[in-house]
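Okay, here's what each chain looks like letter by letter:
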Amino acid sequence: MKKLLCALLLAAALPAVQAQTSEFVQTIPEFYLPKDINYSLGAVALSVPKYHGSDERRYALYPMFDVQWKSGAFFSSVNGLGYNFSKNAAMQYGLRMSLEAARDESRSSKLRGLGDVNTAIEPGAFFNFSLSQQYTLLSSVRYGSGVDHNGVQVSVGGRISTAINPQHRLSASLRANWANNSYMQSYYGVTPQQSQASGYATFTPNAGISDIKLGASWHWTIDTNWSLTTGTSYSRLSGDAAKSPFVINKNAVSVFSAASYRF
């Protein structure tokens, strides 16, 4: 049972490789939790583009933690802070606070003159439905990102997961992300002031699908406490996001490896 719990916990790590909470909430159903309070600690090493649309890479190491209560509450570097109201193991729905990572101007010379987009705390909601033990539909809505903290993101996707044997599990996911005008302007637009400072042409993107992401991961349950998950994702910017003057590469590949110890 503990092997299954570790696999479910770290299946959510792939979308979180940008050092921010995942687009989706993927908690362990109450039925499978062995204790009233369940927690784990770990770390994730990753290689990702320096910003959305960058042709440069950065490498980082971040801590991971996860706490989940049988009551439905959870606090996690992957899932954020929230509450799952569902008592049905095949369905998850609730409210949460997630984190959108900052984009610092100093991260790349190609961002010079665009200013910083600060880290944002995003209130939101989520709904997931498991068609079977292998197939799960995922969705979420998040508000509060961007320069003015008026950004809205809606993510929909699905995940397939299959066990090769009791110690090894493979997963694949597909996700599309829609963003409103405020989000798109903050992360892909260029205001007249930014145009003067950066040299980029003024650009005002419209709301729409910002990107589509395909991911895959391999989970290894080493023993009853330790586990390791390694994975990669490919995403492609879409719509007006792909037309931004400082988007150098529409295609992004991210790679991560995460180790976790469950107490």
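Since we're looking at a predicted model, the values are computed, not measured. (Residues numbered from 1 in each chain as written. Predicted model: local features only at pLDDT ≥ 70, side-chain atom pairs only at ≥ 80, totals over all residues. Heavy atoms only, no water.)

Considering the pairing of strand β8 (residues 151–165)
One ladder, built from 10 bridges, connects strand β7 (residues 135–145) with β8; its direction is antiparallel. Each bridged residue has a counterpart across the sheet, and for Tyr143 the counterpart in β8 is Val152. Once β7 ends, the chain turns through 5 residues before running back antiparallel as β8, passing Gly146 with a positive phi of about 95 degrees. Taking the residues between adjacent antiparallel strands as the criterion, β8 and strand β9 (residues 168–179) are bridged by 2 residues. (Pairing = 2+ DSSP bridges. Helix = DSSP H or I, 4+ residues; strand = E, 2+ residues; numbered from the N terminus.)

Comments concerning the sheet that holds strand β6 (residues 120–130)
Sheet strands associate in pairs through backbone hydrogen bonding, adopting either a parallel or an antiparallel arrangement. Pairing in this closed barrel of 12 strands is antiparallel, and the strands run β1-β2-β3-β4-β5-β6-β7-β8-β9-β10-β11-β12 around the ring. On average, each strand axis in the sheet is tilted by 20 degrees relative to the strand beside it, whichever way the strands run. Pairing geometry for strand β4 (residues 80–84) and strand β5 (residues 91–100), over 4 bridges, is antiparallel. Bridge pairing in β5 places Tyr83 opposite Leu95. Seen against the sheet, helix α2 (residues 181–188) touches β5, β7, β8, β9, β10 (208–221) and β11 (226–237) and runs at an angle of roughly 80 degrees to β8. (Axes fitted to C-alpha atoms, helices over the stretch in contact; angles between N-to-C directions. Contact = heavy atoms within 4.5 Å.)

Topic: unusual backbone geometry
Positive phi, close to 55 degrees, is recorded for His149, a residue that is not glycine. With respect to the helices and strands, the residue His149 is situated in the loop between β7 and β8. Judged by relative accessible area, which is 35%, His149 ranks as partly exposed. (Buried < 20%, exposed > 50% of the residue type's maximum accessible area, 1.4 Å probe, protein only.)

Quick notes on the nonpolar core
Formed by Val117, Ala179, Tyr183, Met184, Tyr187, Tyr188, Leu237, Ala241, Ala242 and Val247, the largest nonpolar core amounts to 10 residues. Considering every element that reaches this core, the biggest residue donor is α2, with 4 residues. Discounting chain neighbours no more than four positions away, the residues touching Tyr187 are Glu100, Ala101, Arg103, Val117, Ser145, Gly146 and Phe246. (Core = buried A, V, L, I, M, F, W, Y, C linked by side-chain atoms within 4.5 Å.)

Looking at the packing of aromatic side chains
As enumerated under the stated definition, the model contains 10 aromatic pairs in all. Residues Tyr51 and Phe246 carry aromatic rings whose centres are separated by 6.2 Å and whose planes lie at 55 degrees to one another, so their mutual orientation is tilted. Placement of Tyr51 in the loop between β1 (37–49) and β2 (57–69) and of Phe246 in the loop between β11 and β12 (251–262) is noted, with a sequence separation of 195 residues between them. Each of the two residues, Tyr51 as well as Phe246, counts as buried. A ring pair is formed by Tyr83 and Phe85, whose centres lie 4.9 Å apart and whose planes are at 55 degrees; its orientation type is tilted. Using a relative accessible area of 30% as the deciding quantity, one classes Tyr83 as partly exposed. Classification of Phe85 as partly exposed rests on a relative accessible area of 43%. Put simply, the rings of Tyr39, Trp226, Tyr261 and Phe263 touch in pairs and so form one group of aromatic residues. (Phe/Tyr/Trp six-rings, centres within 6.5 Å; stacked < 30°, edge-to-face > 60°.)

Quick word on the confidence of the model for the chain
Predicted coordinates in regions of low pLDDT should not be interpreted in detail. Across the chain, pLDDT averages 92, with 93% of residues at or above 70. Overall, residues 1–18 carries pLDDT values under 50, and its contacts beyond four positions in sequence, including any with other chains, amount to 61 contacts. (pLDDT = per-residue confidence, 0-100.)

A look at the side chain of Arg103
Tracing the sequence through the fold places Arg103 in the loop between β5 and β6. No salt bridge is formed by the buried Arg103; the nearest opposite charge belongs to Asp116, separated by 7.2 Å. In this structure the side chain of Arg103 is engaged in a polar contact, spanning 2.9 Å, whose partner is the backbone oxygen of Tyr187. If near-sequence neighbours (up to four positions away) are discounted, Arg103 is found in contact with Tyr51, Leu111, Leu114, Gly115, Asp116, Val117, Ser186, Tyr187 and Phe246. (Lys, Arg positive; Asp, Glu negative; His and termini not counted. Salt bridge = Lys/Arg side-chain N within 4 Å of Asp/Glu carboxyl O. Polar contact = N/O pair within 3.5 Å; in protein donor to acceptor, adjacent residues only side chain to side chain.)

Looking at the pattern of salt bridges
According to the stated counting rule, one finds 7 salt bridges in the structure shown. Close ionic contact of Asp55 with Lys110 constitutes a salt bridge, the shortest N to O distance being 3.5 Å. Here Lys110 lies in the loop between β5 and β6 and Asp55 lies in the loop between β1 and β2, a separation of 55 residues in the sequence. The class for Asp55 is partly exposed, based on a relative accessible area of 42%.

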